[in-house]
Amino acid sequence: MIDYTELMAFMEGSKLSPWLKELQSQIDKGLDEKRFGDLPAWKASLEALPAVTSSEVDLQTQVKIGASADTSEGVKKQIKEALQGLIPWRKGPYTVHDTHIDTEWRSDWKWDRVLPHLAPLKDRLILDVGCGNGYHCWRMLGEGASRVIGIDPSPRFVVQFYCLKHFTGPRPIDVLPVGIEGVPANLQAFDTVFSMGVLYHRRSPMDHLR
Ligand SMILES: C[S@@+](CC[C@H](N)C(=O)[O-])C[C@H]1O[C@@H](n2cnc3c(N)ncnc32)[C@H](O)[C@@H]1O
């Protein structure tokens, strides 16, 4: 389920509160089934995921959710089929209850290159601009971030992210169906902002940086 209630409650009492004025309408637009005709099918895949408790979640060395013994072969098959409904999976890889999602890109290799150059992320509030399905958001949480908010205007990626979150249980991590244009100017709310793989797609890279 895609549910921003907990995130919005957090924003209410933080420097992010000015964003709340427009956030709900941005979410409604970003997940508008009239704009995105395939969205109901993707949401059906998310809703088809069985309820399973994940006894292990590794976000530090990889993104691996669930241990083999957590569930039956039949339920694992159900999970695999639901996740296949969201192909293509561009960023990853992920392992979810023995389903290995061998994604188009090795985002883990990118993270391994980036991480040594970062100031510690522990206890930081992080924005990841153009986060795709949120692979690096998970790894930022694995580094001890207090909360991670990813934004990406592609609703398929947002649904993919919530498929993974379905299995981790509540965590301070969300992906919003919003582009950089939707983030209010001068928020000054985040401790760290990432923008990876987006700048060179922008008509005006300088405006993106600002
Ligand atoms: C090359 S991918 C990079 C994904 C990820 N950050 C990474 O490093 O692997 C670029 C992403 O930017 C997203 N994007 C496109 N326009 C955007 C915008 N206006 N604001 C934020 N993200 C955008 C795309 O949907 C896509 O997921």
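Residues numbered from 1 in each chain as written. Predicted model: local features only at pLDDT ≥ 70, side-chain atom pairs only at ≥ 80, totals over all residues. Heavy atoms only, no water.

### Quick look at the site of the ligand
- Not every one of the 15 residues close to the ligand is listed here, only the nearest: Lys 110, Gly 130, Asp 152, Glu 181 and Met 196.
- In the model, a nitrogen atom of the ligand is placed 2.7 Å from a nitrogen or oxygen of the Gly 130 main chain.
- Contacts to the ligand include Asp 152, whose side-chain N or O atom sits 2.6 Å from an oxygen atom.
- Contact with the protein chains covers 82% of the free accessible surface of the ligand, which is 590 Å².
- Across the shell around the ligand, the residue classes tally to five nonpolar, five polar and five charged. (Near = heavy atom within 4 Å. Polar contact = N/O pair within 3.5 Å; in protein donor to acceptor, adjacent residues only side chain to side chain. Areas by Shrake-Rupley, 256 points an atom, 1.4 Å probe, with all protein chains shown as cover. Nonpolar A, V, L, I, M, F, W, Y, C, P; charged D, E, K, R; others polar.)

### Digging into the packing of aromatic side chains
- Overall, the coordinates contain six aromatic pairs when judged by the stated rule.
- Ring geometry for Tyr 4 and Tyr 162: centres 5.7 Å apart, planes at 90 degrees, overall edge-to-face. Here Tyr 162 lies in helix H7 (residues 155-168) and Tyr 4 lies in the segment before helix H1 (5-12), a separation of 158 residues in the sequence.
- Assessed through its relative accessible area of 7%, Tyr 4 is described here as buried.
- Between the aromatic rings of Trp 89 and Tyr 94, the centroid separation amounts to 5.9 Å while the plane-to-plane angle is 70 degrees, which identifies the pairing as edge-to-face.
- Through pairs of rings, three or more aromatic residues link up here, namely Tyr 4, Trp 138, Phe 161 and Tyr 162.
- Sitting over the face of the ring of Trp 105, Lys 91 holds its NZ or CZ atom 4.5 Å from the ring centroid.
- Positioned above the aromatic ring of Phe 10, the side-chain terminus of Arg 147 is 4.1 Å from the ring centre. (Phe/Tyr/Trp six-rings, centres within 6.5 Å; stacked < 30°, edge-to-face > 60°. Helix = DSSP H or I, 4+ residues; strand = E, 2+ residues; numbered from the N terminus. Buried < 20%, exposed > 50% of the residue type's maximum accessible area, 1.4 Å probe, protein only. Lys NZ or Arg CZ within 6 Å of the ring centre and 35° of its normal.)

### Quick notes on the pattern of salt bridges
- Overall, the coordinates contain 12 salt bridges when judged by the stated rule.
- A salt bridge links Glu 181 to Arg 202; the nearest nitrogen and oxygen atoms lie 2.8 Å apart. Of the two residues, Glu 181 sits in the loop between strand E9 (173-176) and strand E10 (192-195) while Arg 202 sits in the loop between E10 and helix H8 (205-209), which places them 21 residues apart along the sequence.
- Classification of Glu 181 by relative accessible area gives exposed; the value is 57%.
- On the basis of relative accessible area, Arg 202 is assigned to the partly exposed category, the value being 30%.
- If you follow the salt bridges from partner to partner, you end up with Glu 6, Arg 147, Lys 165 and Asp 174 in one network. (Salt bridge = Lys/Arg side-chain N within 4 Å of Asp/Glu carboxyl O.)

### Describing the sheet that holds E9
- Judged by pairing direction, the sheet is parallel, and its four strands sit side by side in the order E9-E8-E7-E10 without closing on themselves. Each end of this open sheet is capped by a strand with a single partner; those strands are E9 and E10. Neighbouring strand axes in the sheet, compared pairwise and without regard to direction, differ in orientation by 15 degrees on average.
- Two elements, strand E8 (residues 147-151) and E9, share four bridges in a ladder whose sense is parallel. Looking at the pairing, Val 148 lines up with Ile 173 of E9. (Pairing = 2+ DSSP bridges. Axes fitted to C-alpha atoms, helices over the stretch in contact; angles between N-to-C directions.)

### Re the packing of helix H3 (residues 39-47) against H7
- Interaxial distance between H3 and H7 falls to 9 Å at its minimum, and their mutual angle equals 5 degrees. In terms of orientation, H3 lies roughly parallel with respect to H7. Facing H3, whose interface residues are Leu 39, Trp 42, Lys 43 and Leu 46, H7 presents Pro 155, Arg 156, Val 159, Tyr 162 and Cys 163.
- Taken together, the residues that form the contact of H3 with H7 break down as seven nonpolar, no polar and two charged. (Parallel < 35°, antiparallel > 145°, perpendicular 65-115°, else oblique. Contact = heavy atoms within 4.5 Å.)

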